[in-house]
Every structure is written in C-alpha cells, then in structure tokens.
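# Residue-level structural notes
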Amino acid sequence: MLKRPLRHHPPLPRLAAARAAVAAAAILLFIAQPLAGQRVLPVFGGGPGTWAATLAFFQLALLAGYGYAHLVLGRLEGRRSRIVHAVFAAVALGATSLSFVDPAALRPPGLEPTIGVLIVHAASVGPAVVFLAATTPLLTGWLAAARLRRPPAGDGRATDERGRPPEPPPLHRLYAASNAGALAALLLYPTVLEPSLGLTATHRLWLAGLVVVAVLVAALGLAQALRGGASGDAPAPGAPASDDPATVGPPGRPVGIGRWVLLAAIPAGLLNASTTLLTLDLGAVPLLWVLPLGVYLATFVLAFSAPGDRLGERVVRFAPIAATFLWLPLASGAPWSVLPLLAVVLGGLFVAGLALHGALAAARPPERDLSRFYLALAVGGALGGSFAGILAPLVFPDLWELPILLVAAILVGAWPRRQDARRDRRRDRYARGRPTSVGPTAGAPSPPSIDDRTPPRPGWFDAAVWRLNRYVLAGVVVLFALVADQAPGADAAIAWFVAGAVVLAVGGRPILLAGGTAVALAAALLATPQPNLFAARSFFGILEVRPSPDRSVTQLWNGTTLHGTQPTDPARRLQPTGYYVEAGPAGDLFRVLRAGPEARLDVGVVGLGVGGLAAYAESGDRWTFVEVDPLVVRIATDPALFTYLASARASISVDLDDGRLALARTAAGAFDLLVLDAFASDAIPTHLVTAEAIADALRTVRPGGLLAAQLSNRYYDLVPAVAGAAEAAGARVLVRDYRPSAVEVAAGAFPSRWLVATRSGTALDELAAAGWNPVGAAPPLTDDRPNLLRFLRWSFG
C-alpha cells in the first residue's frame, strides 16, 4: 500500500503562483497591443496598415522575449539568471517613461510608415513588451529545472507503483494559461477598458500592472534560487533522465525545429492577413483588431489543453472547408454584410488555426526542451507576421498574402496526415498477411495487432461527399444572409461559392486542394471588368485605376470602394461627378458661398481622391488639398489618369500629410470652406471625427465660413458623431441626404450624405432653404474614447 505521496516536483502553491504570473504578464502584453496601436493610429493616418505593422511589431517583440529567455536559461546557471532578469525588469520599467511621450515626437521623418510604426513602438513600449513576453518561457524553464532536482527512486520517500515520485502536472499547460490570460485581455479591452476608462486611464493602469508583474516574477525567481541552493538549477544526484514522465514530451516521431517554425508562422500570417481583410472594409477600430487576435489565441488555448488533444482529426477534416470559406470574401471583390463577413473570416481563421496549432501541440518536445520550442514558436510568429504585415504591403499589389498562406496551410497541415496514411497502409498489409514491398526479413518487427490500428480513412469519393455536404449547409446560411440584406457582394459570392464547391470536390488530395485554391484565387485577383490602367498597394490601401465597363468614365477604386470618377468624354472632362455633382450637396455649398460679397474663395480639402472637387475652382481661388497617401497623390496628379488638378482654373497645392496634423499647423480663420472628405472608404480615420478634431477644424474656418463633411459610408453612420462634435464646439449643423434620380445616376452621380457646420453667418439659412435639414446629434467620440463601433451599421437594409 502506498503512503500518501509527497511532491518533490514544484509544489502546487509555487506552480499556482507561476500560473498567476504568466497569466498576468499575458494580460498586460495583450492590453499593450491594442493600446499601443490606438496611440499611434492618429500619427500614421488612421489606416489599416497601422494595425498590421503593430501586429508585426508585437510578434517580433515576442521573438525577442523568447530569444532572451532561451539565452538566459541556456547560458546562465542558477541565481545568475534570476539576477540578470531582475536587472532587465528594472530597465524595462525605467524605459516605460517614454510611453508618456507623444508618439508624433518619436516618429522619425522620411521613413516608410510601416518602419515608422515599428520604431515608435520600440521606443515607447519595446523593453516592457520584451520583458512580459519572456515571462512564460523563463518561469517554465525555472520550474523544469526544479523538477530535474527530484530525488531518485529508493530514497525512502513515497513513490508510485513504479518506484518513482508521482507524475507532476505538465508544464506546457503554462502556455495555455498564458494564452488564456491574453484572451481575457482582448475581451476586456474593447468592452470594458477603452469605453469605460479611456486610453489615458488604461495606460496608467497598465503601468501599475507592469510593476506588480515585475515584483511577482522577481519574487518567484528569488524563491527558486533560495530553494535550489548555490547552484540554483543543478539537478540532484541521480535525478531521473529523459525517460522521466515529467520531462518527456508526447510519444511519436521526433520533429525538427523547421516544422515547429512553419506550423507557427502560417497561423500568425493568416491572423495578419485576415485582420487586414476585415479592416480594409470595416475600419481600423480596436474590436476588429482584437476579434481575430482573440480567435487566434483561442486556438492556442484549445490546442495546448486536454480538449484540444481530443479534437485532433475532427478539426483537420473541417480545415479544407474553413480554408475555402476564408477566401470567398476576397474573391467576391464586393462588400459583404458585417455579420456574414465576420462569421466567415473568424470561423475560417479559427478552424485553420486550430488544425495547425493542434499539430504544433502534438509535436511539442520534452519539458527540458520547452525553451527551444517556445523560441521556435516565436520565430514562426515573427516570420508569419512580418511576411503579412511588413513585406506583403511593400511587394504585392493586392492582398496576395492571404491566398499564399492558405495554400501553405493546406500543404503544411497535410504532412503528418500523409505520413499517417503510409503507416496505416503498412499496418493493413501486416494485418492481411501480405508482404511489404521489401519483403519479410530476419529480425523484422512483429506486425501490430488489429486493435492497435487507427481507423481506416474514408476514400476519396466519401471524403468529397462529406466535405461538400457540410460546405453546402454552411454556405446556404451565409448566402441567405447576404441576399436577404441586399449586400452588394451577394451575386459574386454565389458564383465563387460554386467555384469553391468545385475546388473541394476535386481536392481529394492536399496537393489538388492547394492547386485548386491557388488557381481560383489567382483568377479572382487577376480578373477585372476592364484591364487596370494603374494598380498598386500602399500602407493605406489597395488602389486600382480602370475604365468603367462602358468606358464612359475612369474610376479609382480602393479595395471594394469607388473613390472617384472622371468622364472620358472631352466635352464633360471637367464636370464634377460622383459625390460632387452640381445637383447635389457640393453644388449647394459653392452656390451659397459664391453668392456672397467675396467671390474669391480659400478652400481646404482633407482627402484628395481623384481631385474631383477642383472642378468647382475659379480663377483667383486658393485651394489646398491634404492627402496622407502618397499613392493617391501620384494618381491624382498624373494627367494620363485624371486631369482635375492639372486643368483646374485656380491655384492648387497638395500637401502630403495627415489631415489632423496639417490642420493643427494651419492658422485660425484660414478657409472660407473646409471640406472633410476622408470617409468614403470603409476604413474610417477615427481621429478625424473626434470632438477635438472637429473643434480644431472649425478653428481654421473664418467667421461666416463653412465646415463641410462628406460622410457617405456603407458601414458607418457618421452624421450623429460629427454633429455631436460640432455642436459641442458651439456650431450649428445641417445635413442633406442626396438621392439622385435615374437620369442623374446615368450621368455619373452617386448618392451622398453631407453635413455642414458654422459658428456664425447666414449661410445655413440659405442651405436650409435649399433643402438641408437639422439632424439629431449623438455624444461625440473623443481622442480618449474613440469607440467608432457605436455608429456601425450591421446591415445594408
């Protein structure tokens, strides 16, 4: 009869403290991510590229933290590693003083925005983030070293039936605790911290938490050093070797570090690419940042937990279906409704990520090698994130990283399955008494029993039917939601859904599925109604210039948003079109202003597009356009593409700058009319619609002048937000919803929604007589609480 077992591995209180430290560090690490992203967003124009670069920075910082931990654990003995880490914690705490500095002051001039984002993050939060990232591998390494000091069997202490101390809890579960803490942080940030506390209070709370974690980790290291004696980490004499259940990993074939890196890199890249796909349409707002990141982390939590071990093959079978759904919004090339888009992208990311992370968890090494394993995961995460967040926007003209990563996921995820299939075939031959291809040899291992064999895999036809059944069932729900909501992308989605079914039907083998996916996505991304006159990608979006199907106008597209047009007919070449037609709100504004005593106007426009508003310029006017995207400036100033600026009748200047920063440097009363026209794209620059931004914009308008905002947007109702901000600054507000007739649409008019505000003068009375109306205002957004999702339209209906 066994005595009550004594624990010679790390006691539960110490293990519980380590779990608490790991979870707290993860919470702070993943609060820092959206917090840092929001702080730099106004400095870099508020575009989706800011978050892609932020994701890449944190993945690189995670690599730095894991690399540091691996170096400390591998090169330093005992107490030295604790002392070094305590010194580094003090340095990280001291360096956080830069996090109080305005990010604009940290941005080096003249660099690519992506590089600028990385530098600002490195200067403000870099050391603290590296310290937090190192916590999990360091504590795991210290506890693993303590387990190696367990006394051997036969020392007179309680043992199990094998004569050794009872098996301790597996330390790789600390990784799941770390990801659970990160997931909790991502849920808390957009739902509690940002809306309730604001950015400033959240920042202070984060700094306080950083001090607490530093003290807790230092205390754990000190306790470990004192418990371990002078050597700290030296194993006890006769400590168990690699066959100890506390130090061995899961059974199976050894796995190389390259496979660890690949299995970590592909989901990290898919996270970045999926987030870019969402934010290009729905905007760079924290909830749309943290939802994909939360799904990604949830796959880690599941994969490294007991339920994840049981999901295994079931998730792998669903992975081809999820991968196919994941590329449907990209292939459609037109907007989807919010809920179906979120369901497809997040669901696809979840299944694909869980399949790959499950393979990663199954390939984990013995606990003594977990530091190297964590380092490989960090290398993979940094490579995948850097590929999708840094390299892809500079190299690819479209969102090519998503199809590349999906094809890679199919191929890499299939490696163990192909090897399992070969093993199953060998076992089948043994069971039926058939010789192998080499033939029976002396000393050959005895064949496995029937009971040991894995269940046979379904044949190609059965597998195809199984996949198609589930694909069609899920697809009917998604397509019904799109059609019922009259989403612009519904027709294209149906066509590409059928193409996806064909890919799944013929993709019985991974190489065929990967090839079919690659062909379908290449066709989707390369096929356009007309050949592009220009196509390129920048930090702020994916831009294409092409003629309309009837070639009557030249169009500028940013993703799925039509940004502007110009007639190709020379007689109509300089007529305003789109949102700016003379019958619409823009025509009203210029008729009212030119009817005043001052015929010459000083006009400012934030947002260039194709320069269509310049069609209203008259001789003697002074016009200033402010545009943050150099690619848009290049397109609008190229007479081979658009001629509004080149043919303008007034003096036109174009400033390459963020609108908020440019207005802050503009003198008070500089404009008779200031137009904010940066909101037609679905990726809203939130920092331009806060109360502080609108107040500063009104400051630049002369007494009696007008602040106008072109607020047409598919996904957001921005009018209440801007109206609330203008009224808070003491201005009167009117709005006009323009719905063109069929004749006007045929002539090139777009439906549009404009808001106008002024602090004085009679211009609003004249606009009211022309059909402009008062509007209900909402509590405005602020720089400290920029919660744009309050104004999200969940449907097109």
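No experiment lies behind these values; they were computed from the predicted model shown.

Rules and cut-offs
Residues numbered from 1 in each chain as written. Predicted model: local features only at pLDDT ≥ 70, side-chain atom pairs only at ≥ 80, totals over all residues. Heavy atoms only, no water. Pairing = 2+ DSSP bridges. Helix = DSSP H or I, 4+ residues; strand = E, 2+ residues; numbered from the N terminus. Axes fitted to C-alpha atoms, helices over the stretch in contact; angles between N-to-C directions. Contact = heavy atoms within 4.5 Å. Phe/Tyr/Trp six-rings, centres within 6.5 Å; stacked < 30°, edge-to-face > 60°. Buried < 20%, exposed > 50% of the residue type's maximum accessible area, 1.4 Å probe, protein only. Lys NZ or Arg CZ within 6 Å of the ring centre and 35° of its normal. Salt bridge = Lys/Arg side-chain N within 4 Å of Asp/Glu carboxyl O. Left-handed = near helix turned anticlockwise from the far one by under 90°. 1 Å grid on protein atoms, 1.4 Å probe; cavity = no way out; pocket = protein on both sides within 12 Å on 5 of 7 lines; lining within 4 Å. Points joined across faces, edges and corners; volume = space filled by probe spheres on them. pLDDT = per-residue confidence, 0-100.

## With respect to the sheet that holds strand β11 (residues 752-758)
Taken in spatial order, the seven strands line up as β7-β6-β5-β8-β9-β11-β10 in an open sheet, and their pairing is mixed. Because the sheet does not close on itself, it has two edges, and the strands there are β7 (651-656) and β10 (732-738). Neighbour to neighbour, the strand axes of the sheet diverge by 15° on average, direction disregarded. Here β10 pairs with β11 via seven bridges, running antiparallel. Each residue of the ladder has a partner; that of V733, found in β11, is A757. Contacts from helix α18 (residues 585-594) reach β5 (602-606), β6 (622-627), β8 (671-676), β9 (701-710), β10 and β11, with the element oriented near 30° to β11. Contacting β8, β9 and β11, helix α21 (residues 691-699) runs over the sheet at an angle of about 135° to β9.

## Some words on the packing of aromatic side chains
All told, the structure shown has 16 aromatic pairs when counted by the stated rule. A centroid spacing of 5.3 Å and a plane angle of 90° characterise the contact between F57 and F58, whose relative ring orientation is edge-to-face. A relative accessible area of 7% places F57 in the buried class. With a relative accessible area of 6%, F58 lands in the buried category. Following the ring pairs from residue to residue traces out a cluster consisting of Y579, Y580, F750 and W754. The ring of W466 has R317 lying over it, and the distance from NZ or CZ to the ring centre is 3.9 Å.

## Re the pattern of salt bridges
As a working rule, side chains carrying opposite charge can pair if their charged atoms are close by. The full count for this structure, using the stated rule, is 18 salt bridges. Note that R736 and D588 form a salt bridge whose closest N and O atoms lie 2.6 Å from each other. Within this pair, whereas R736 is found in strand β10, its partner D588 is found in helix α18, the two being separated by 148 residues in sequence. Each member of the pair R736 and D588 is classed as buried. Residue R600 is joined to D602 by a salt bridge in which the shortest nitrogen-to-oxygen separation is 3.0 Å.

## Here's the deal with the sheet that holds strand β4 (residues 561-567)
Note: strands within a sheet are paired through backbone hydrogen bonds, in either parallel or antiparallel orientation. Pairing within the open sheet is antiparallel, and its four strands lie in the order β1-β2-β3-β4. Taken across any chain shown, the strands that pair with only one partner, and hence form the sheet edges, are β1 (534-538) and β4. Ignoring strand direction, the axes of neighbouring strands in this sheet form an average angle of 15°. Bridge count between strand β3 (residues 553-558) and β4: six bridges; the pairing is antiparallel. What sits directly across from L556, in β4, is G564.

## Looking at the packing of helix α8 (residues 257-282) against helix α13 (residues 401-413)
Running from N to C, α8 and α13 point in directions that differ by 145°, and their axes come no closer than 9 Å. The chirality of how α8 crosses α13 is left-handed. Of the residues in α13, those touching α8 at R259, L262, L263, I266, G269, L270, A273 and L277 are E401, L402, L405, L406, A408, A409 and V412.

## A look at unusual backbone geometry
Unlike most non-glycine residues, Q486 shows phi in positive territory, near 55°. Within the element layout of this structure, Q486 appears in the loop between α15 (460-484) and α16 (490-506). Backbone geometry at R551 places phi at a positive 60°, although glycine is not the residue there. Mapped onto the secondary structure, R551 falls in the loop between β2 (541-547) and β3. The exposure class assigned to R551 is partly exposed, which follows from its relative accessible area of 49%.

## Some words on empty space enclosed by the protein
Enumeration according to the criterion identifies eight cavities of 30 Å³ or more in this entry. Taken as a whole, the second largest cavity encloses approximately 360 Å³ of empty space. Looking at the second largest cavity, it is lined by 28 residues, and the ones nearest its centre are F30, L62, N179, Y296 and L297. Mapped onto the lining of the second largest cavity, the elements with two or more residues apiece are α1 (12-40), α2 (48-75), α6 (126-148), α7 (173-228), α8, α9 (286-303) and α12 (370-395). Top contributing element to the lining of the second largest cavity by residue count: α1, with six residues.

## Description of the side chain of T700
Within the secondary structure, T700 is located in the loop between α21 and β9. Apart from residues no more than four positions distant in its own chain, T700 is found in contact with L663, T666, A667, A668, G669, A670, F671 and L674.

## What to know about the environment of F480
Considering the arrangement of structural elements, one finds F480 in helix α15. In this structure, the C-alpha to C-alpha distance between F480 and A490, residues ten residues apart in sequence, is 8.9 Å.

## Some words on the pairing of β1
Burial within β1 is extensive, with four of its five residues counted as buried. Relative to β2, β1 runs antiparallel, the two being bridged by five bridges. Within β2, the position partnered with S538 by the bridge is G541. Adjacent in sequence and paired antiparallel, β1 and β2 are bridged by two residues.

## What to know about the confidence of the model for the chain
The predicted model of the chain has a mean per-residue pLDDT of 82, with 82% of residues at 70 or higher. The low-confidence segment residues 1-13, where pLDDT is below 50, has 23 contacts with residues more than four positions distant or belonging to other chains. With pLDDT under 50 throughout, residues 418-431 is counted as low confidence; its partners more than four residues away or in other chains account for 22 contacts.

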